[in-house]
Amino acid sequence: MAVGSTRGTPTDRAVNIGPVLSERLRSVGIDTLEQLRQLGSLQVWSMIAEQTPSEECVHTLLALEGAIRSTRWTAISQVERNRLLDAAGLR
């Protein structure tokens, strides 16, 4: 399922996105940071979790959100982290 244009910043160049997460993103049709931003961290995390439910965790969701914000996930405030975790049903 390709989302939007494939032109833009490759996901593996984004902060927090290493080779494993980059491959998971590609497996759900996300090739660029712009595609990730378009869908949002929760939706993309859900898409990945459907394919690898036993491997998806809090850190993946926070890494995606940090990539969207161009910041390390550890810099996301605890209030924002809690909001994301609640929305994903992870707490």
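The structure presented is a predicted model; accordingly, all values stated were derived computationally and were not measured.

**Remarks on the overall build of the chain**
- Each helix and strand counted, the chain has 5 helices and 0 strands in total.
- Starting at the N terminus and walking to the C terminus, you meet the elements of the chain as α-α-α-α-α.
- Here the C-alpha atoms of the chain give a radius of gyration of 12 Å, agreeing with the 12 Å that 2.2 N^0.38 yields for 91 residues.
- When contacts within the chain are restricted to residue pairs at least 6 apart in sequence, those whose partners lie at least 24 apart make up 56%.
- Accessible surface, the chain as shown: approximately 5000 Å² in total, 50% of it carbon and sulfur.
- In the chain, 10 positive and 10 negative side-chain charges are present, and the distance between their average locations comes to 6 Å.

**Considering the packing of helix 4 (residues 58-69) against helix 5 (residues 78-88)**
- Packing of helix 4 against helix 5 leaves a shortest axis separation of 11 Å and a crossing angle of 125°. By the angle between their axes, helix 4 is oblique relative to helix 5. In the crossing of helix 4 with helix 5, the sense of the turn from one axis to the other is right-handed. Taking contact as the criterion, the partners of Val58, Leu61, Leu62, Glu65 and Arg69 in helix 4 are, on helix 5, Glu80, Arg81, Arg83, Leu84, Leu85 and Ala88.
- Of the residues contributing to the contact of helix 4 with helix 5, the split by class is 6 nonpolar, no polar and 5 charged.

**Notes on the nonpolar core**
- Of all hydrophobic cores here, the largest spans 21 residues; its most connected members are Ile17, Leu21, Leu25, Leu36, Val44, Ile48 and Leu64.
- Counting only elements with at least two residues in this core, the list comes to helix 1 (19-27), helix 2 (33-39), helix 3 (41-51), helix 4 and helix 5.
- Among the elements that make up this core, the one with the highest residue count is helix 4 (6 residues).

**Considerations on the side chain of Arg81**
- For Arg81, the position within the fold is in helix 5.
- A polar side-chain atom of Arg81 sits 2.7 Å from the main-chain carbonyl oxygen of Thr74.

**Topic: helix 3**
- Within helix 3, burial applies to Ser41, Val44, Trp45, Met47, Ile48 and Ala49.
- Residues of helix 3 that are buried sit in contact with helix 1, helix 2, helix 4 and helix 5.

**Some words on unusual backbone geometry**
- Positive phi values are uncommon outside glycine, yet Asn16 reaches one of about 75°.
- Its place among the elements puts Asn16 in the segment before helix 1.
- One non-glycine residue, Ser70, adopts positive backbone phi at about 60°.
- The residue Ser70 is located in the loop between helix 4 and helix 5 in this model.

Definitions and cut-offs
- Residues numbered from 1 in each chain as written.
- Predicted model: local features only at pLDDT ≥ 70, side-chain atom pairs only at ≥ 80, totals over all residues.
- Heavy atoms only, no water.
- Helix = DSSP H or I, 4+ residues; strand = E, 2+ residues; numbered from the N terminus.
- Rg over C-alpha atoms; globule rule 2.2 N^0.38 Å.
- Contact = heavy atoms within 4.5 Å.
- Areas by Shrake-Rupley, 256 points an atom, 1.4 Å probe, with all protein chains shown as cover.
- Lys, Arg positive; Asp, Glu negative; His and termini not counted.
- Charge placed at Lys NZ, Arg CZ, Asp CG, Glu CD.
- Axes fitted to C-alpha atoms, helices over the stretch in contact; angles between N-to-C directions.
- Parallel < 35°, antiparallel > 145°, perpendicular 65-115°, else oblique.
- Left-handed = near helix turned anticlockwise from the far one by under 90°.
- Nonpolar A, V, L, I, M, F, W, Y, C, P; charged D, E, K, R; others polar.
- Core = buried A, V, L, I, M, F, W, Y, C linked by side-chain atoms within 4.5 Å.
- Buried < 20%, exposed > 50% of the residue type's maximum accessible area, 1.4 Å probe, protein only.
- Polar contact = N/O pair within 3.5 Å; in protein donor to acceptor, adjacent residues only side chain to side chain.

Keep in mind these values describe shape, not function.
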